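# Fold and contact review
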Amino acid sequence: MLCFAVWFQLKQKCVYEVKTIAQIITQEAQTELERLRAIWVWLCHNIEYDVSGYLGQSKMLYSPEEVIAAGKGVCSGYASLCLKMCREVGLQCQEVSGYGKGVGHRPGQSLRDVRSNHMWNAVLLGGQWFLMDACWGAGHMDMQHKSFVKEFNDFYFLTDPEDFVESHFPDKEEWQLLDQPMTREEFEMLVSKSSTFFTLGLKLIQPKHFYTITDDGEVNLSISSSMSVTYTYDITPRHDLLHGGNAEQKETSRSSWGVMTMSHRTMRLQILPRAQGTYDIMVYARLELASGPLSSVCSFTVECPAPRAMEEIPENPSWFWGLQVGSEALGVAPGGSPGSHMLEVEEGELELTMKTSRSLMALCELVHLGLEPALTKRCLATQIRPDGLTVHTLCPSRGFYRLSVFVRDYDKPEDRFQNAANFLLHCKVATEVELFPPGLGSECGPGTSTLQAGLSKFNHTGVLVSTQQGKCNVTFHNQQDLELHAVLWRAEGQEPAVRLERHLFCTFTDSRVMVSTSLPGPGVYRLGLYARTTPGAAFNPICDFVLRSSCEQPGLPFPSI
C-alpha cells in the first residue's frame, strides 16, 4: 500500500505524468497480472465518470493527463488512460470500441445505424487476451440526480467473454474473444442482465429474448443457480397519455399477476397479466443468507394481446408459493411435503400433510377473496404430530385460496411464528360442505399434545370422526395421574332441546378411557378433551375432534348424573 500513499503525495504536488504514476502504483507487483490489477484498482478508485461532460454541460476530457488531473473522464478517458498506463509498465493493451448496454440503452433497439457509444480494453496476459472495463468497474450513473455513484465492481475485471458480450458488443467481431461470435441481431434481442446476475452464478433458462408475447395469457420465466439464492420481482404495466395513464406512474403487483416457486435451486415465475397491454418485468436476487436489499439481475418485456379469463389469486405474504426458502431450517422436511405449489381441491375438501424434522407448533391461515376471515377460520383443522403436520381444509366456494403455514419450535413458546409455506389451492366447483365448528383449538386429533399429557392408543388417530348412526366412541389410555374432562359443542343456532353435556358420557376402566357420544341430530360437532393435574386448578385443553353425523334420527341423551 506504500505505492498508493506515494500517489497521494504526487497528487498534492500536482504531478499528473502517466509514466510516473503507473510505475509508482505497480512498483510492488511481481507479475503481469499483479501490475494489471494495481492499474485496475487505481483507475476504479481514483477516476470518476464525467457526468457533466456526458450531459454536454462541460467539455469532455479525453487525454490521460487531463483525466488524471481532473480525476474524472468518460469511457474513452478510462480506456485511453488504461492503455497508456499498461504500456508504460510493459503490458500489451488495446482500446476496444463498440456498443454498451448502459445509460440510455433501450432493450430491443436496432443498432444497425447506431454509432459506437462505449469503449473498453483488452489486455494480453500469458499469451491470452482478456477483457476489462474500468469505467463500469468504478461505479454507475444516477440519471435521476445527474450524478455518479462510486461503486467498485470487480465483475468487469478479466470478465468471461461469454458474460461480457451480454452487455458489450465490439465493432470488430474478433474482440468478442468467442469461438462462435454473436451476431448483432442476437445481441439486440438478449434479455438485459446485470453484473449481479453473473456473480450470483445464475443461468437463464427461459425466456431467451427480452421481448416475449404471452401464450394463452401467460409467460414463464426460469432461472437456475449454483448457490442458494432468494428472489423477488416487479411487474410494471406501461401507460401512455392517450389512454389516460401517467408516464411517470409505476404500478407493481406480486402474487395477483405472478406465481413464483422455487425447487432444486431453480426459480420459476409464471406471469399472468390481468389486462391487455405491455409489461416490464424486473427480477431481483441476493444470496439466501445475505442481508440488505436485493439487487436487480435481469429484465424483459411482456406483451399480452389477451389476458386469460381466470379467478383472481389472493395476495401472498411472501414472494414464493409452496415451501419457502429456509423452511428446512424451520423444521419442515422438504421430502415429505406437497411437491406442487398449486393443489386442486376435489369435492370441497383437501388434506395436506407436511413432514417435519422436529416437533413444531403451527398456525394456519386460509384466504379467499370472496369469503370473510371469520368464515375461513372455520375451514381449517390442524393436527400436530412430532414428525409432521396435517391440515384439513374446506373450500366451500370456487376459485383460488391461499393456505399459509406458520411454524415455531413446539417447546419454545417465546419464539415467533415464521412463514414456512404458502400453497395455492384451486377449487373448480362450489360444494355444499358444512364448516368445522367455531372455536377449534390449534391442536386437533391425537398428536404431540396428547403424547406429552401421557394419553395414548387412541382408536381414532385422525381429526375427523364420521358416523352414520349418530353415535361414536373415542377411546384411549391415560398413563398419568390426570383428571380428564370432555366437552361436546356445535355452532349456535343448532342447539338441541337438552344440554349437550347430556349427549356425552365418560367411563374409566383402569387406564382405559372411553368418551361416548349420542348426537342430537345431523351436523358437525366439536369434541374437546381437557385435563388437569391439581384438583381445583383450571383444565388445560389437550385436543379437539371433529364429529360428523349424517343420521337424521336424534340421539337420546344419557342419564343425568
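To be clear, the structure that these remarks concern was listed above.
Turning our attention to helix 3 (residues 32–46). Side chains of residues three or four places apart in an α-helix project in the same direction, reflecting 3.6 residues per turn. With 15 residues, helix 3 should reach 21 Å at 1.5 Å per residue; the first-to-last C-alpha distance of 21 Å fits that figure. All of the buried residues in helix 3 are Arg35, Leu36, Ala38, Ile39, Trp40, Trp42, Leu43, Cys44 and Asn46.

On to the packing of helix 2 (residues 18–25) against helix 6 (residues 75–88), then. With their axes 9 Å apart at the nearest point, helix 2 and helix 6 run at an angle of 65° to one another. Classified by the interaxial angle, the pair formed by helix 2 and helix 6 is roughly perpendicular. By crossing handedness, the relation of helix 2 to helix 6 is classed as right-handed. Residues Val18, Lys19, Ile21, Ala22 and Ile25 of helix 2 pack against Leu81, Lys84, Met85 and Glu88 of helix 6. By residue class, the composition of the contact of helix 2 with helix 6 is six nonpolar, no polar and three charged.

A separate point is the state of the cysteines. Evaluated as defined, the whole model comprises zero disulfides. Cys86 provides the cysteine sulfur closest to Cys82, a residue in no disulfide bond, and the two sulfurs are 4.1 Å apart. Cys82 gets classed as buried once you look at its relative accessible area, which sits at 0%. Unpaired in terms of disulfides, Cys364 finds its nearest cysteine sulfur in Cys444, a separation of 10 Å.

Should the charged atoms of two oppositely charged side chains come close, the side chains can pair. Counting across every chain of the model gives 16 salt bridges. The partner of Arg385 in a salt bridge is Asp387, with the nearest N and O atoms 3.8 Å apart. Measuring nitrogen to oxygen at the nearest pair gives 3.4 Å for the salt bridge that ties Arg526 to Asp544. Highlighted residues: Arg526 in strand 33 (residues 523–532) and Asp544 in strand 34 (residues 540–549), separated in sequence by 18 residues. For the pair formed by Arg526 and Asp544, the shared burial category is buried. Here the salt bridges do not stand alone but share partners, grouping Arg184, Glu185 and Glu188 into one network.

Let us look at the environment of Phe476. Take Phe476: it is sitting in strand 29 (residues 471–478). For Phe476, a relative accessible area of 2% gives the class buried. Taking the C-alpha atoms as reference points, Phe476 and Pro373, separated by 103 residues in sequence, lie 35 Å from one another. Once residues within four sequence positions are removed from consideration, Phe476 is found in contact with Leu455, Ser456, Lys457, Phe458, Leu484, Ser511, Arg512, Val513, Val515 and Leu529.

Strands in a sheet are paired, the pairing made by backbone hydrogen bonds, and the direction either parallel or antiparallel. Read across the open sheet, the three strands follow the order 21-24-23; overall the sheet is antiparallel. On the outer flanks of this sheet lie strand 21 (349–355) and strand 23 (380–385), each paired with one strand and no other. Pairs of neighbouring strands in the sheet enclose a mean axial angle of 10°, with direction left out of account. The pairing of strand 23 with strand 24 (residues 388–394) spans six bridges and is antiparallel. What sits directly across from Thr382, in strand 24, is Val391.

Thresholds applied
Residues numbered from 1 in each chain as written. Predicted model: local features only at pLDDT ≥ 70, side-chain atom pairs only at ≥ 80, totals over all residues. Heavy atoms only, no water. Helix = DSSP H or I, 4+ residues; strand = E, 2+ residues; numbered from the N terminus. Expected span 1.5 Å × (residues − 1). Buried < 20%, exposed > 50% of the residue type's maximum accessible area, 1.4 Å probe, protein only. Axes fitted to C-alpha atoms, helices over the stretch in contact; angles between N-to-C directions. Parallel < 35°, antiparallel > 145°, perpendicular 65-115°, else oblique. Left-handed = near helix turned anticlockwise from the far one by under 90°. Contact = heavy atoms within 4.5 Å. Nonpolar A, V, L, I, M, F, W, Y, C, P; charged D, E, K, R; others polar. Disulfide = S-S within 2.5 Å. Salt bridge = Lys/Arg side-chain N within 4 Å of Asp/Glu carboxyl O. Pairing = 2+ DSSP bridges.

Such coordinate-based values are descriptive only and should not be taken to indicate function.
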